[in-house]
Amino acid sequence: MDSTLGIFNSQNALTDAGQGAAQTLWLTWIMTAAGIAIFVLVMGFIALAWRARGGGRTWWIVGGGVVFPVVALAALFAASTVVLRGIAGHMDAPHVIEVTGKQFWWDVVYDPEGRALRDSNEIVLPLGEPVEIRLKSADVIHSFWVPSIAGKMDMIPGRVNRLTVTATKAGRFRGQCAEFCGLSHPLMAFEVVVLPPGDYAAFLASLDGEARDAVTPTERRGAEIFQSAGCIACHRVRGLSEARIGPDLSRLGARAALGAGMWEMNTGNLAGWIADVGDMKPGAQMPSYNHLSGPDLRALVAWLESLT
Ligand code: HEC
Ligand SMILES: [Cu+2]
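Now for a quick tour of the structure.

Rules used throughout
- Residues numbered from 1 in each chain as written.
- Chains lettered and ligands numbered in written order.
- Predicted model: local features only at pLDDT ≥ 70, side-chain atom pairs only at ≥ 80, totals over all residues.
- Heavy atoms only, no water.
- Near = heavy atom within 4 Å.
- Polar contact = N/O pair within 3.5 Å; in protein donor to acceptor, adjacent residues only side chain to side chain.
- 1 Å grid on protein atoms, 1.4 Å probe; cavity = no way out; pocket = protein on both sides within 12 Å on 5 of 7 lines; lining within 4 Å.
- Sits in = over half its atoms within 2 Å of the grid points.
- Helix = DSSP H or I, 4+ residues; strand = E, 2+ residues; numbered from the N terminus.
- Nonpolar A, V, L, I, M, F, W, Y, C, P; charged D, E, K, R; others polar.
- Axes fitted to C-alpha atoms, helices over the stretch in contact; angles between N-to-C directions.
- Parallel < 35°, antiparallel > 145°, perpendicular 65-115°, else oblique.
- Left-handed = near helix turned anticlockwise from the far one by under 90°.
- Contact = heavy atoms within 4.5 Å.
- Donors = N, O, S within 2.8 Å, 3.2 Å for Na, K, Ca; no water.
- Tetrahedral: all angles 85-135°; square planar, octahedral: opposite > 155°, others 65-115°.
- Buried < 20%, exposed > 50% of the residue type's maximum accessible area, 1.4 Å probe, protein only.

**Here we look at the site of ligand 1**
Next up, step 1: Neighbouring ligand 1 are 28 residues, the closest being C231, C234, H235, G259 and M286.
Next up, step 2: W273 is positioned such that a nitrogen or oxygen atom in its side chain is 3.5 Å from a nitrogen atom of ligand 1.
Next up, step 3: Among the cavities detected, the one that contains ligand 1 is the largest pocket.
Next up, step 4: Every element with two or more residues in the shell around ligand 1 is listed here: α6 (267-275) and α8 (294-306).
Next up, step 5: Top contributing element to the shell around ligand 1 by residue count: α6, with three residues.
Next up, step 6: For the shell around ligand 1, the class distribution of residues is 19 nonpolar, seven polar and two charged.

Printed below as a string of structure tokens:
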């Protein structure tokens, strides 16, 4: 697969770029260190037992078999409870983003109870500020996971799960669905973009109002085909259509990735997607448009790319 989206730099639970990820990483090291220490200890005891066969002493059994495990497990339980509470974080976050998992993409609504600004397949976060992410599902169970930023949480139909995240590094990070959800489950990823708070506010403002106008004749032709070919039945483009069956395309050209975090956003991939989506993402709930003429397809792609 020609995915060139730097998975190994940006999707890495060992490089923390968020509070939840940092806490999980801390717990991972504690658990690993404790596991290694206990393993070494037990091996030591086995060696001792081999040398001093017979003559059992009950305090070893009581101490090593009862007291030590109770103390060690209680300490590790306490550590993980503290981390879990920190991750679930029920504080009043100043920002709310609603993310709904769908086969096989992500519907995103910023400030759902206020301005309700919609986008898809990319989540922008303000640097250093807590954000409550409300996780929903429209069909089956998905799981929301951005390893560099926070722990993972399931998206369950009929439920709202809340995950509070605070990004601590600016940049791009990759997330993915972490629960098998159908044929193209492994092709259900997304990008997280962490911006300084001022830029975040500007980004939200850019989601208001109509999408960018078609300027060139080719772009205008593309916008017409988008309507005549029936794309408007499923896709929202602000000012043109409010459909919600497929991803919001109002700023498609500004996204780095196509098809829910999977392919580089470029002319070739975009044309390939429209002409034969089933080849790129088997089971995607979008028809293929292999009947479009070359010039029509090029115009459509040019217009979609101009939507930034
Ligand atoms: C029956 C509904 C439907 C129709 C009609 C439809 N699409 Fe889609 N489209 C979808 C769905 C659903 C997805 C998400 C697929 C996935 O990633 O699993 C999608 C995804 C896309 C994407 C990728 C979006 C992203 O964020 O990367 C593009 C681009 C797109 N469609 C363009 C078009 C164009 C252009 C047309 C018309 C020629 C069209 N679609 C017609 C349902 C539809
Ligand atoms: Cu999924």
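**Re the packing of α6 against α8**
Next up, step 1: Look at α6 against α8: their axes get within 10 Å of each other, and the N-to-C directions meet at 120°. In terms of axis orientation, α6 runs oblique to α8. Handedness of the α6/α8 crossing: right-handed. Of α8, the residues touching α6 (which contributes T267, L270, A271, I274 and A275) are L297, L300, V301, L304 and E305.
Next up, step 2: Its residues placed into classes, the contact of α6 with α8 shows eight nonpolar, one polar and one charged.

**Observations concerning the coordination of the iron atom of ligand 1**
Next up, step 1: Protein coordination at the iron atom of ligand 1: the donors are H235 (NE2) and M286 (SD), at 1.9 to 2.2 Å from the metal.
Next up, step 2: Here the iron atom of ligand 1 binds six donor atoms, and the angle range of 86 to 178° at the metal identifies the geometry as octahedral. A residue pair is termed long-range when its members are at least 10 positions apart, and H235 in the loop between α5 (217-228) and β11 (236-237) and M286 in the loop between α7 (277-280) and α8 qualify at 51 residues.
Next up, step 3: Accessibility expressed as a relative area gives 22% for M286, which makes it partly exposed.

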